[in-house]
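The lines below spell out each chain.
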Amino acid sequence: MTLALSALAKKLKAEGFDVVTLTAGEPDFPTPFHIKRAAIKAIEDNFTTYTINAGIAELRKAIADKFKRENNLSFEPSQILVSNGAKHSIYNALKAICNKGDEVIIPAPYWVSYPEMVKLVDATPVIIRTTEENNFKMTPAQLKRAITKKTKALIYCSPSNPTGIVYSRDEIEAIAAVVANADLYVLSDEIYEKVIYDGTEHFSMGAIPAVNDHVITINGVSKAFSMTGWRIGYLGAKKEIVAAAEKVQSQTTSNASSISQHAALAALIGSDIDLNAMTAEFLRRRNFIYDAVTSIKGISCIKPKGAFYVFPNVSHYIGRKVKGKTLKSGDDIAQYLVDEERVVVVPGSGFGAKDYVRISYACSMQELEKAAERLRRGFAKL
Ligand SMILES: Cc1ncc(COP(=O)(O)O)c(C=O)c1O
């Protein structure tokens, strides 16, 4: 859905329309200079051959150090698998643990790829519906109710795409208490860990001793270091899981790009100056677009604590008529906004929440100002 909308926006732009695109799932900042330099040096030094399947030793050590330093997770470098983006890490992990007929629990709104990847490994997604009133957070009771004999895993992300919510340490501990009494894995997707606001703290479920063997921690360099195109993600887990996921990777893609691995190493051992500047700018934009969206009549929206999306509830406008056609869902509203105002947002249905749309603020402030004006006008006409 996200990519389809981005493609539509590009097409309209190519046709000469003045389109504002709020669909980006990636930071709009260049990769920091010292990371690019490390990649150039890797090429010049001829690090251009296959590497060990699981990733070069220096990078796996840097990841293990990062996990210890920032997340209180204890992994040997041999418990780290470097892959072609966190997306690939998630797929490798699911492929490693799931058998046909297994169930994987996913709280909605979810990242679009989770249910699809679960289906690709012949397992069945089991969706937990969270509510806006509960800040889109799954409760321990909901999780408990969703667990059956067939449950293999839970997959969740915090900070969340699409809602921007962040589970607190207490909330994660309460969920972990359910996990500790059940036979399931947890895929903890922490890709937006660094894009976090208002003094909110990120907490890794794997740091809880009672469940650390259950948790597969997923992360990567795409969002924190503006490195989406470099395709480096990683997971840390107990040895058997890493060994199985490594086999999957070995027979499908082999190692992630040797050059990108050197770039990721520079990212993980380098300074956070660029990251801090990026999150400061994202915070400014979040405040702007959040205020703009919530000032529109009938729209409610949770104030995001992380990532770079707002996820407004547009149900107030569902049922309105435009040119004789009834807007039946967030999908129709997204289409209306493209047709009438040339502003592109992603419908919530792809995230399992049809009354919502996702707005990415990974675009310039000028674009956001233009977008705010068009959204205000578009909804006012309804
Ligand atoms: C929640 C979530 N997990 C994982 C990913 C994948 O990131 P990567 O670029 O590392 O594959 C994304 C990218 O949009 C995401 O939003």
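Report on the accompanying structure.

Criteria and thresholds
Residues numbered from 1 in each chain as written. Predicted model: local features only at pLDDT ≥ 70, side-chain atom pairs only at ≥ 80, totals over all residues. Heavy atoms only, no water. Near = heavy atom within 4 Å. Polar contact = N/O pair within 3.5 Å; in protein donor to acceptor, adjacent residues only side chain to side chain. Areas by Shrake-Rupley, 256 points an atom, 1.4 Å probe, with all protein chains shown as cover. Nonpolar A, V, L, I, M, F, W, Y, C, P; charged D, E, K, R; others polar. Core = buried A, V, L, I, M, F, W, Y, C linked by side-chain atoms within 4.5 Å. Buried < 20%, exposed > 50% of the residue type's maximum accessible area, 1.4 Å probe, protein only. Helix = DSSP H or I, 4+ residues; strand = E, 2+ residues; numbered from the N terminus. Domains from an automatic or database assignment. Contact = heavy atoms within 4.5 Å. Phe/Tyr/Trp six-rings, centres within 6.5 Å; stacked < 30°, edge-to-face > 60°. Lys NZ or Arg CZ within 6 Å of the ring centre and 35° of its normal. 1 Å grid on protein atoms, 1.4 Å probe; cavity = no way out; pocket = protein on both sides within 12 Å on 5 of 7 lines; lining within 4 Å. Points joined across faces, edges and corners; volume = space filled by probe spheres on them. Pairing = 2+ DSSP bridges.

Before going further, it helps to spend a moment on the site of the ligand. Looking at the ligand, there are 13 residues lining it, with Ala86, Asp189, Ser222, Lys223 and Arg231 nearest. At 3.0 Å, a backbone N or O of Lys87 approaches an oxygen atom of the ligand. Between an oxygen atom of the ligand and a side-chain N or O atom of Arg231, the distance comes to 2.8 Å. Considered on its own, the ligand offers 400 Å² of accessible surface; in the complex 92% of this is hidden by protein. Within the shell around the ligand, the residues separate by chemical class into six nonpolar, three polar and four charged.

Moving on, we come to the nonpolar core. Ranked by internal contacts, the top residues of the largest apolar core, which has 124 residues, are Met205 and Phe379. If you tally residues by element for this core, the top one is helix H10 (residues 273-294), at six residues. Residue contributions to this core reach at least three from each of two domains, namely domain 1 (2-25 + 274-381) and domain 2 (33-269). For Met205, the contacting residues outside a window of four places in its chain are Tyr156, Ile172, Ile175, Ala176, Val186, Glu190, Val211 and Val215. By size, the runner-up hydrophobic cluster in this structure holds six residues, among which are Leu5, Ala9, Val338 and Val344.

Inspection of every chain in the model, using the stated rule, returns 15 aromatic pairs. Where Phe29 meets Phe282, the ring centres are 5.5 Å apart and the plane angle is 90°; that geometry is what we call edge-to-face. Here Phe282 lies in helix H10 and Phe29 lies in the loop between strand S1 (20-21) and helix H2 (33-44), a separation of 253 residues in the sequence. Using a relative accessible area of 0% as the deciding quantity, one classes Phe282 as buried. A centroid spacing of 5.5 Å and a plane angle of 80° characterise the contact between Tyr192 and Phe308, whose relative ring orientation is edge-to-face. Here Phe308 lies in the loop between H10 and strand S9 (309-310) and Tyr192 lies in the loop between strand S6 (185-189) and strand S7 (215-220), a separation of 116 residues in the sequence. Relative accessible area serves as the criterion here: at 3%, Tyr192 is assigned to the buried category. Each residue in the set Phe29, Tyr192, Phe282, Phe308, Tyr309 and Tyr361 is aromatic and connected to the rest through ring pairs, giving one cluster. If you follow Lys137 out to its NZ or CZ, it ends over the ring of Tyr167, 5.9 Å from the centre. We note Arg342 situated over the ring of Phe17; from NZ or CZ to the ring centre the distance is 4.1 Å.

On to empty space enclosed by the protein, then. The full count for this structure, using the stated rule, is two cavities of 30 Å³ or more. When its volume is computed, the largest cavity comes out at roughly 110 Å³. Around the largest cavity, the lining comprises 16 residues; the ones closest to its centre are Pro107, Pro109, Cys157, Ser160 and Tyr167. Those elements that provide at least two residues to the lining of the largest cavity are strand S3 (103-108) and strand S5 (151-157). Per-element accounting of the lining of the largest cavity gives the leading share, three residues, to S5. Residues belonging to the lining of the largest cavity are distributed by class as follows: twelve nonpolar, four polar and no charged. Reported here for the second largest cavity is a volume of approximately 50 Å³. Residue lining of the second largest cavity: Val293, Ile299, Pro312, Val314, Leu337, Val345, Val357, Ile359, Leu375 and Phe379, and that is the complete set. If you list the elements that add at least two residues to the lining of the second largest cavity, you get strand S14 (357-360) and helix H12 (365-381). The residue inventory of the lining of the second largest cavity, partitioned by class, reads ten nonpolar, no polar and no charged.

As a further point, take the environment of Leu12. Within the fold, Leu12 resides in helix H1 (residues 2-14). Judged by relative accessible area, Leu12 falls into the buried class, the value being 8%. On a C-alpha basis, the gap between Leu12 and Val338 in space is 9.4 Å, while along the polypeptide they are 326 residues apart. Once residues within four sequence positions are removed from consideration, Leu12 is found in contact with Phe17, Val19, Val338 and Arg342.

The three strands are arranged S9-S14-S13 in an open sheet whose pairing can be described as antiparallel. Both edges of this open sheet fall to S9 and strand S13 (346-347), since each of them pairs with a single strand only.

Examined against the element boundaries, Thr217 turns out to sit in strand S7. Setting aside residues up to four positions removed in sequence, Thr217 forms contacts with Phe67, Leu73, Ser188, Glu190, Tyr234, Leu235 and Gly236.

Next up on the list: the pairing of S14. Where burial is concerned, the two faces of S14 agree: the one with Val357 and Ile359 and the one with Arg358 and Ser360 are both buried. Pairing between S9 and S14: two bridges, direction antiparallel. Paired with Tyr309 across the strands is Ser360, a residue of S14. Pairing of S13 with S14, which is carried by two bridges, proceeds in the antiparallel orientation. Looking at the pairing, Pro347 lines up with Val357 of S14.

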